[in-house]
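So you can see what is in the structure, the chains are spelled out below.
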Amino acid sequence: MTTDIRQIGERIKGLRDAVNLSPDEMAHRLEVDTDDYLQFEAGEKDISVSFLQRIEREFNVDLGTLMFGTEPRMNSYFITRKDKGVSVERVSAYKYQSLTSGFTNNVAEIFVVTVEPKSMETDFYQNIHAGQEFNMVLEGSMMLHINGKNLVLEEGDSIYFDSSLPHGMKALNDKPVKFLAVILYP
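Residues numbered from 1 in each chain as written. Predicted model: local features only at pLDDT ≥ 70, side-chain atom pairs only at ≥ 80, totals over all residues. Heavy atoms only, no water.

Caption draft 1: Region of the structure containing helix α1 (residues 5-18). Given a rise of 1.5 Å per residue, 14 residues ought to cover 20 Å, and the 20 Å separating the end C-alpha atoms of α1 matches this to within 8%. Those residues of α1 that fall on the buried side of the exposure criterion are Ile 5, Ile 8, Gly 9, Ile 12, Leu 15 and Arg 16. Relative to the axis of α1, the buried residues are bounded by an arc of 120° and lie together on one face. α1 presents Glu 10 and Ala 18 as exposed residues on the side facing more than 90 degrees away from its buried surface. Asn 20 occupies a position one or two residues after α1 and carries a positive phi of about 60°. (Helix = DSSP H or I, 4+ residues; strand = E, 2+ residues; numbered from the N terminus. Expected span 1.5 Å × (residues − 1). Buried < 20%, exposed > 50% of the residue type's maximum accessible area, 1.4 Å probe, protein only. Arc of directions from axis to C-beta.)

Caption draft 2: Quick peek at the sheet that holds strand β9 (residues 167-171). Across the sheet, three strands lie side by side as β7-β6-β9; this open sheet has antiparallel pairing. The outermost strands of the open sheet, each flanked by one partner alone, are β7 (149-153) and β9. Neighbour-to-neighbour, the strand axes of the sheet open up by a mean angle of 25°, direction not taken into account. Bridge count for strand β6 (residues 142-146) against β9 is five bridges, and the pairing is antiparallel. Within β9, the position partnered with Ile 146 by the bridge is His 167. (Pairing = 2+ DSSP bridges. Axes fitted to C-alpha atoms, helices over the stretch in contact; angles between N-to-C directions.)

Caption draft 3: Broad picture of a negative patch on the surface. On the surface, a cluster of negative charge is contributed by Asp 83, Glu 139, Glu 154, Glu 155 and Asp 157. When you line up the elements, Glu 154 lands in the loop between β7 and β8 (158-162). (Patch = residues over 30% accessible without salt bridge, like charges linked within 9 Å, V, L, I, M, F, W, Y side chains within 5 Å. Areas by Shrake-Rupley, 256 points an atom, 1.4 Å probe, with all protein chains shown as cover. Salt bridge = Lys/Arg side-chain N within 4 Å of Asp/Glu carboxyl O. Lys, Arg positive; Asp, Glu negative; His and termini not counted. Charge placed at Lys NZ, Arg CZ, Asp CG, Glu CD.)

Caption draft 4: Fine view of the nonpolar core. Core analysis: the biggest nonpolar cluster contains 39 residues, and Leu 52 and Ile 55 have the highest contact counts within it. Counting residues per element, this core draws most heavily on helix α4 (residues 49-59), at five residues. Apart from the residues within four sequence positions on either side, Leu 52 is in contact with Ile 8, Ile 12, Ile 47, Leu 63, Leu 66 and Met 67. (Core = buried A, V, L, I, M, F, W, Y, C linked by side-chain atoms within 4.5 Å. Contact = heavy atoms within 4.5 Å.)

Caption draft 5: Main features of the side chain of Arg 54. Relative to the helices and strands, Arg 54 resides in helix α4. Arg 54 gets classed as buried once you look at its relative accessible area, which sits at 19%. In this structure Arg 54 touches Arg 29, Leu 30 and Glu 31, once residues within four positions along its chain are discounted.

Caption draft 6: Geometry of the packing of α1 against α4. Here α1 crosses α4 at 25°, and the two axes come no closer than 13 Å. Our classification of the angle between α1 and α4 gives roughly parallel. Relative to α4, α1 is oriented so that their crossing is left-handed. Between α1 and α4, the contacting residues are Ile 8, Ile 12 and Leu 15 on the first element and Phe 51, Leu 52, Ile 55 and Phe 59 on the second. For the contact of α1 with α4, the residue count by class is seven nonpolar, no polar and no charged. (Parallel < 35°, antiparallel > 145°, perpendicular 65-115°, else oblique. Left-handed = near helix turned anticlockwise from the far one by under 90°. Nonpolar A, V, L, I, M, F, W, Y, C, P; charged D, E, K, R; others polar.)

Caption draft 7: Structural context of the pairing of β7. Two elements, β6 and β7, share five bridges in a ladder whose sense is antiparallel. Along β7, the bridge assignment pairs Met 142 with Leu 153. A loop of two residues connects β6 with β7, the two strands running antiparallel in sequence, and Asn 147 in this loop sits at a positive phi of about 50°.

Limitation: the analysis is restricted to geometry and does not speak to function.
This is the structure in structure tokens:
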């Protein structure tokens, strides 16, 4: 199953309607500018995982529900078959495939992330979110920009880092990079 940023925006708007808040009130609660918030709702602006995590914490809504529109059901185990995880196409940055979307009360989110190659002159799309993150390159190679440093990771390399530091990834060698991302909540 694949979704896109417009569907995520619709789910955010639906949540706002359900909690009976105006766009200004919702933006204030999420600590973002109202114009930015409305662009998120309309699917006109890329929505970071950190912003979705903010919504998750503020309104006690599962991240998988926001990203993929699925309600987690399993609490003892959840299997994701190869290439069958629920995925979301991020407009300008990454494609996420969730490996944990069907499990309730996650203490971590696990994704297979694909980054398409772009010009090396293109700025890094950076994330900041609470917790810690583990990335392992499955295919290709990438440059990880973290806290002002550029690190090159090749297939099989991994990194564990404080995800509250600004970080972003780029595919190298004009080929997509696919990596496992494990986001651990504080």
